[in-house]
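Inside the fold
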Amino acid sequence: EAATSRIYFETYIWKSDAVGRRFRQALVDAHERGVEVYVVFDTFANLVVPQEFYRGLPEGIHVKRHPLVTGGAKFFFPSHWGRNHRKLLVVDDTAAYLGGYNIGQDYANRWRDTHARFAGDMVVELENAFVDYWNIYDGSPALPQPRRRTWSRDMRIHRNLPADMVYPIRNMYLEAIDRANTRVWLTTAYLIPDDAFVRSLVQAAERGVDVRLIVPHFSNHIVADWLSRVTYERLLSGGVRLLRFENAMVHAKTATIDGIWSTIGTANIDRLSLAGNYEVNMEILDSDVARRMEEIFDLDSGNCTELTLDEWTRRPLIARVTEGILSPWHPLL
């Protein structure tokens with residue numbers, strides 16, 4: 001509502017419910033007062049949304065749907081499999097927003113999520129992230145690069161770009177965990193880590209680091225829940241603490257380490273996010289931000305039940321059989 005020159009709006013899911021319509025109307029109002037509006041959303045994630053909802057956008061609003069199939073005959077190459085899982089909003093040169101929040105009623109007040117507002121020099125960096133994606137996928141009209149970029153000592157954007165086979169977010173996490181001395185507190189909606197990620201967490205715990213993971217007790221994807229459990233015994237045996245968020249879907253994608261390092265972004269801890277989709281995470285080296293992230297983690301922990309190794313090893317036989325049947329799919333998700 002405060003935009004005066006341009007809005008870059010990018011989301012994975014955009015529902016046509018009351019919250020989704022409020023966002024659409026805000027974009028329409030901005031366009032009508034002369035603001036340049038650019039919109040990106042993922043086709044696959046919104047297949048159930050009536051197309052009339054998007055057709056209600058005026059012609060002057062520039063829209064790019066991340067296509068259902070990319071690359072034509074090259075679709076069979078992994079670089080064309082990624083969905084646009086990003087959630088990003090850039091307003092003028094004033095503010096940018098990044099995190100796990102999709103657009104819809106459930107996400108507004110029924111899910112537990114984390115989104116961050118950035119100001120100052122980092123706005124242009126998130127603007128650049130939008131512009132690069134828009135131009136790679138031939139958004140029309142093409143957008144100019146920002147007039148200036150910045151070298152920040154405290155924050156850095158990491159972008160997964162499947163078209164270029166670039167996936168830095170996974171390595172960002174691994175490098176940070178390997179440096180941990182006191183604590184690794186991580187929250188993720190879907191925990192389906194690869195062997196290297198599990199090994200990094202376990203090694204941190206074995207050297208005395210307090211490693212805690214908050215995950216949904218039951219997520220919105222039952223298959224993801226079962227695949228997540230494939231790694232539980234190895235994590236618990238290695239000293240990693242698993243905290244299961246109760247009575248709501250925790251969808252945040254955040255971590256904080258050693259009271260100095262934090263990340264807030266769109267990537268889950270699974271193959272789809274770390275080696276498949278278009279994602280954006282902000283890496284932050286700031287003790288004040290880390291302290292706030294620890295406070296949030298403590299608050300969320302109060303709504304969790306901890307899963308112990310003893311409890312896990314006594315789970316029913318049918319659960320073990322189901323995990324065994326699904327385990328071959330673990331590397332794919």
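Notes on the structure follow. (Residues numbered from 1 in each chain as written. Predicted model: local features only at pLDDT ≥ 70, side-chain atom pairs only at ≥ 80, totals over all residues. Heavy atoms only, no water.)

Description of the environment of Met165
Definition in use: Each helix is a run of DSSP H or I of at least 4 residues and each strand a run of E of at least 2, with the numbering of both proceeding from the N terminus. Each residue's exposure class comes from its accessible area (1.4 Å probe, protein chains only) as a fraction of the maximum for that residue type: buried when under 20%, exposed when over 50%, partly exposed otherwise.
By the secondary structure assignment, Met165 is in the loop between strand E8 (155–160) and helix H5 (168–179). With relative accessibility at 46%, the residue Met165 sits in the partly exposed group. Remark: the alpha-carbon pair of Met165 and His80, spanning 85 residues in sequence, is separated by 9.4 Å.

Digging into the pairing of strand E1 (residues 6–11)
Inclusion rule: By the convention used here, strands pair only if DSSP detects at least 2 bridges between them.
Of all the six residues making up E1, six are buried; the element is thus mostly covered by neighbouring parts of the structure. What you see with E1 is no split at all: Arg6, Tyr8 and Glu10 on one side and Ile7, Phe9 and Thr11 on the other are buried throughout. Here E1 runs beside strand E2 (residues 36–42); their pairing, made up of six bridges, is parallel. Each bridged residue has a counterpart across the sheet, and for Thr11 the counterpart in E2 is Phe41.

Examining the packing of H5 against helix H6 (residues 195–206)
To be explicit about the condition: Axis definition: a line fitted to C-alpha atoms, limited for helices to the stretch in contact. Angles are taken between N-to-C directions and run from 0 to 180 degrees. The labels follow the angle: roughly parallel below 35 degrees, roughly antiparallel above 145, roughly perpendicular from 65 to 115, and oblique for the rest. Handedness of each helix crossing follows the sense of rotation of the near helix against the far helix: counterclockwise by less than a right angle gives left-handed, clockwise gives right-handed. Two residues form a contact once any of their heavy atoms are found within 4.5 Å. Lys, Arg, Asp and Glu make up the charged group, whereas Ala, Val, Leu, Ile, Met, Phe, Trp, Tyr, Cys and Pro make up the nonpolar group; the residues left over, Gly among them, are polar.
Running from amino to carboxyl end, H5 crosses H6 at an angle of 20°, the nearest separation of the two axes being 9 Å. The angle between the axes of H5 and H6 places the two elements in the roughly parallel class. You can see that H5 and H6 cross each other, and the crossing is left-handed. Of H6, the residues touching H5 (which contributes Arg170, Tyr173, Leu174, Ile177 and Asp178) are Ala196, Phe197, Ser200, Leu201 and Ala204. Broken down by class, the residue content of the contact of H5 with H6 amounts to seven nonpolar, one polar and two charged.

Focus on the nonpolar core
What counts is decided by this rule: Here, the term nonpolar core denotes a set of buried Ala, Val, Leu, Ile, Met, Phe, Trp, Tyr and Cys residues that are joined through side-chain atoms within 4.5 Å.
Counting 33 residues, the largest nonpolar core has Tyr173, Phe197, Leu201, Val211, Leu213 and Leu235 as the members making the most contacts within it. Among the secondary structure elements, those contributing two or more residues to this core are H5, strand E9 (183–187), H6, strand E10 (210–216), helix H8 (232–237) and strand E13 (254–257). Excluding residues that lie within four positions of it along the chain, Leu235 makes contacts with Leu191, Val198, Leu201, Val202, Leu213, Val240 and Leu242. Among the nonpolar cores identified, the runner-up in size contains 31 residues, and Ala3, Phe9, Phe41 and Ile103 belong to it.

Some thoughts on the sheet that holds E2
Strand order in this open sheet of six strands is E3-E2-E1-E4-E5-E7, and the pairing throughout is mixed. Strand pairing shows two members of the sheet lacking a second neighbour, strand E3 (62–66) and strand E7 (115–118), which therefore form its edges. Within this sheet the neighbouring strands show an average axis-to-axis angle of 10°, counted without direction. Note that strand E5 (residues 95–99) and E7 share four bridges and pair antiparallel.

Details of the side chain of Lys64
To keep it simple, the criterion reads: By the counting rule applied here, Lys and Arg register as positive and Asp and Glu as negative, while His and the ends of each chain are not counted. Whenever a carboxyl oxygen of Asp or Glu lies within 4 Å of a side-chain nitrogen of Lys or Arg, that contact is scored as a salt bridge. Pairs of N or O atoms are called polar contacts if they sit within 3.5 Å, as long as, within protein, a hydrogen donor faces a hydrogen acceptor (for residues adjacent in sequence, only side-chain-to-side-chain pairs).
Mapped onto the secondary structure, Lys64 falls in strand E3. At 6.4 Å, Asp138 is the nearest oppositely charged side chain to Lys64, a buried residue that forms no salt bridge. Here the side chain of Lys64 touches Tyr137 through a polar contact of 3.0 Å, landing on its backbone oxygen. Beyond its immediate stretch of four places on either side in the chain, Lys64 contacts Val39, Val40, Phe41, Trp134, Tyr137 and Gly139.

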